[in-house]
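# Topology and contacts: notes
Spelled out from the first residue to the last, the chains are:
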Amino acid sequence: MISQLSVFLANEKGRLAAACRTLADAGYNMHSLVLADTADFGVARIFCDRPDAAAAMLIDAGYRAAVTPVIAVRVPNEPGGLARLLEFCDESGMNIEYGYCYSSGAETAIDVLKIEGEGAEAKLAEGGFDLVEADEIYAL
């Protein structure tokens, strides 16, 4: 599992910039950020160094933050790479709460999944999927 920092923000001008500045001023290095939003709020999903400490610091600064365990899977960066992973999850009875993907070069994509319950990592490994370790996320 990889620890993902989740920050809940009012969907207002400048809120994301302020949260990112708060992290930067405290010396946290963000390696990736994905933002999901609704009309009223957004959720910034961040890979950063020291996510537990970053969440505590953000909470002390008045933000709503949490650390969420997610799974990152390396797949071929080609049509069907994600589909094969999702089909395997479906066939294995895994419920995916959310996910996002990004390219890690011409050959590889990283698919990040929040999967309900336990045992997903073992099932994916047994299915031949290439799990990404936290230290690899920071090196990408």
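We now turn to the structure provided with this report. (Residues numbered from 1 in each chain as written. Predicted model: local features only at pLDDT ≥ 70, side-chain atom pairs only at ≥ 80, totals over all residues. Heavy atoms only, no water.)

### Quick word on the side chain of Gln4
With respect to the secondary-structure elements, Gln4 resides in strand 1 (residues 2-10). Assessed through its relative accessible area of 0%, Gln4 is described here as buried. A polar atom in the side chain of Gln4 sits 2.7 Å from the side chain of Tyr98. A polar side-chain atom of Gln4 sits 2.6 Å from a polar atom in the side chain of Tyr100. (Helix = DSSP H or I, 4+ residues; strand = E, 2+ residues; numbered from the N terminus. Buried < 20%, exposed > 50% of the residue type's maximum accessible area, 1.4 Å probe, protein only. Polar contact = N/O pair within 3.5 Å; in protein donor to acceptor, adjacent residues only side chain to side chain.)

### Focus on the pattern of salt bridges
This model, assessed by the stated rule, comprises 5 salt bridges. If you follow the salt bridges from partner to partner, you end up with Arg74, Asp130 and Glu136 in one network. (Salt bridge = Lys/Arg side-chain N within 4 Å of Asp/Glu carboxyl O.)

### Digging into the packing of aromatic side chains
In total, this model carries 2 aromatic pairs according to the counting rule given. Here Phe47 and Tyr100 contribute two aromatic rings whose centre-to-centre distance is 6.5 Å and whose plane-to-plane angle is 45 degrees, an arrangement assigned as tilted. One end of the pair, Phe47, is in strand 3 (residues 41-48); the other, Tyr100, is in strand 5 (residues 96-103), with 53 residues separating them in the sequence. One exposure class covers both Phe47 and Tyr100, and it is buried. Ring plane angle 55 degrees and centroid distance 5.1 Å describe the contact between Phe88 and Phe129, whose orientation is recorded as tilted. In this pair, Phe88 is assigned in helix 3 (residues 81-91) and Phe129 in the loop between helix 4 (120-126) and strand 7 (130-131), connecting sequence segments 41 residues apart. Lying across the ring of Tyr98, Arg45 places its NZ or CZ 3.6 Å from the centre. Over the ring of Phe8 we find Arg64; its NZ or CZ atom is 5.1 Å from the centre of that ring. (Phe/Tyr/Trp six-rings, centres within 6.5 Å; stacked < 30°, edge-to-face > 60°. Lys NZ or Arg CZ within 6 Å of the ring centre and 35° of its normal.)

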